[in-house]
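Survey of secondary and tertiary structure
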Amino acid sequence: MHLIEYQPDGHTVIIHQKKDSRRGVVNNQLNSWSFQLDRVLHDVSQEEVYNSVARNVVLAALDGYNGTVMCFGQTGAGKTYTMTGATESYKERGIIPVPSRRYCPPLDSDMKEESFG
Ligand SMILES: Nc1ncnc2c1ncn2[C@@H]1O[C@H](COP(=O)(O)OP(=O)(O)OP(=O)(O)O)[C@@H](O)[C@H]1O
């Protein structure tokens, strides 16, 4: 049995733990816990992470609303990877680089000359 089970509904994670056999024959120890979440992003692309957690916040910010995207988790969980991404390939870019690329017009040569003289 897997220690962490992802339900196909995309909202539920079940954590399983083996019963401690040292507790004897009558053992009422809980050995699974189910958590309901807004969304469970297991084994998904960086693009899907952006679309499901950041896209609406960024679009609202462009309309003038305040918004925050925050990562919280234990060391090595993937916070930096999620926010900034990896440089190996474009599809591995994280949440932060996407809006600048998507919503800021690229500087063309004329604009560069105007801006920097
Ligand atoms: N979804 C992922 N796909 C592939 N590699 C990942 C993924 N998430 C994290 N990694 C890799 O796992 C390692 C740890 O990730 P990361 O540095 O993002 O964790 P962190 O939560 O920021 O850790 P810390 O709290 O120590 O700063 C890195 O090598 C990262 O590239």
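Thresholds, definitions, all that
Sequence positions are assigned chain by chain, starting from 1 and proceeding in written order. Reporting of local features is limited, given that this is a predicted model, to residues whose pLDDT is at least 70; pairs of side-chain atoms are given and counted only at 80 or more, and all residues count toward the totals for whole chains, interfaces and linings. Water and hydrogen atoms were dropped before computing side-chain values, which therefore reflect all heavy atoms in the structure. Patch membership requires more than 30% relative accessible area and the absence of a salt bridge. Residues of like charge join within 9 Å; the nonpolar side chains Val, Leu, Ile, Met, Phe, Trp and Tyr join within 5 Å. To be clear on the numbers: accessible area is Shrake-Rupley with a 1.4 Å probe, and residue cover counts the displayed protein chains and nothing else. We define a salt bridge as a side-chain nitrogen of Lys or Arg found within 4 Å of a carboxyl oxygen belonging to Asp or Glu. Helix and strand labels come from DSSP, where a helix needs a run of H or I of at least four residues and a strand needs a run of E of at least two; each type is numbered from the N terminus. Each residue's exposure class comes from its accessible area (1.4 Å probe, protein chains only) as a fraction of the maximum for that residue type: buried when under 20%, exposed when over 50%, partly exposed otherwise. Strands are labelled as partners when DSSP assigns at least two bridges between them. Any two residues whose heavy atoms approach within 4.5 Å at even a single point are treated as in contact. UniProt positions are given in the numbering used here, feature names are shortened, and annotations may be inferred rather than shown by experiment. We place a 1 Å grid over just the protein atoms. Points where a 1.4 Å probe fits but has no way out form a cavity, open points with protein on both sides within 12 Å along at least 5 of 7 lines form a pocket, and any residue with an atom within 4 Å of a point lines it. Here a polar contact is taken to be a pair of N or O atoms separated by no more than 3.5 Å, where protein atoms must pair a possible hydrogen donor with a possible acceptor and residues adjacent in sequence count only if both atoms sit in side chains. Simply put, an axis is a line fit to the C-alpha atoms, just over the touching stretch for a helix, and the angle between two N-to-C directions goes from 0 to 180 degrees. Working definition: residue near molecule or strand if any one of its non-hydrogen atoms lies within 4 Å of it. Note that Gly is not counted as nonpolar here; it falls among the polar residues with everything else outside the nonpolar set of Ala, Val, Leu, Ile, Met, Phe, Trp, Tyr, Cys and Pro and the charged set of Asp, Glu, Lys and Arg. Given a residue, its bend is the angle between the two axes fitted to the seven residues that end at it and to the seven that start from it.

**Some points on a nonpolar patch on the surface**
Residues Leu30, Trp33, Phe35 and Leu37 make up a contiguous nonpolar surface patch of roughly 390 Å² in combined accessible area. Relative to the elements of secondary structure, phenylalanine 35 occurs in strand β3 (residues 32–36).

**Side note on the pairing of strand β2 (residues 12–16)**
Of all the 5 residues making up β2, 4 are buried; the element is thus mostly covered by neighbouring parts of the structure. As judged from the 3 bridges shared by strand β1 (residues 4–6) and β2, these two strands associate in the antiparallel manner. Bridging from a neighbouring strand, isoleucine 4 pairs with isoleucine 15 of β2. The antiparallel pairing of β1 with β2 creates a hairpin that spans 5 residues between the two strands, and glycine 10 there sits at a positive phi of about 75°. Both β2 and β3 contribute to a ladder of 5 bridges, which runs antiparallel. Within β3, the residue paired with isoleucine 15 across the bridge is tryptophan 33.

**So, the environment of glutamine 7**
With respect to the helices and strands, glutamine 7 occurs in the loop between β1 and β2. For the pair glutamine 7 and serine 34, spaced 27 residues apart in the sequence, the C-alpha separation amounts to 9.9 Å. Ignoring any residue separated from it by four or fewer positions in sequence, one finds glutamine 7 in contact with Thr12 and Ile14.

**Topic: the UniProt feature "binding site: ATP" (unreviewed entry) in the protein chain**
Per the UniProt annotation, the sites labelled "binding site: ATP" (unreviewed entry) are Gly73, Gln74, Thr75, Gly76, Ala77, Gly78, Lys79 and Thr80. Within the annotated group just given, the residues that line the largest pocket are Gly73, Gln74, Ala77, Gly78 and Lys79. Overall, glycine 78 belongs to the partly exposed group, its relative accessible area being 22%. Along the chain, the position of lysine 79 falls in helix α2 (residues 79–83). If sequence neighbours within four positions are ignored, lysine 79 has contacts with Cys71, Phe72, Gly73 and Gln74. Within polar-contact distance, the side chain of lysine 79 engages the backbone oxygen of glycine 73 at 3.0 Å.

**Considerations on the sheet that holds β2**
One open sheet accounts for 3 strands, arranged β1-β2-β3; its pairing is antiparallel. This sheet does not close on itself; its edge strands, each paired only once, are β1 and β3. When strand polarity is set aside, the average angle formed by the axes of neighbouring strands in this sheet is 20°.

**Topic: the site of the ligand**
In the vicinity of the ligand, the contacting residues are Gln74, Thr75, Gly76, Ala77, Gly78, Lys79, Thr80 and Tyr81. Contact distances for the ligand include 3.0 Å between an oxygen atom and a backbone N or O atom of glycine 78. The protein chains hide 47% of the 630 Å² of surface that the ligand would expose on its own. Classifying every residue of the shell around the ligand gives 2 nonpolar, 5 polar and 1 charged.

**Observations regarding helix α1 (residues 46–62)**
Of all bends in α1, the biggest is about 55°, found at alanine 54. Looking at α1, one finds that the buried residues are Gln46, Val49, Tyr50, Ala54 and Val58. Along its buried surface, α1 packs onto α2 and α3 (97–103). Directly after α1, the chain includes glycine 64, whose backbone phi takes a positive value near 100°.

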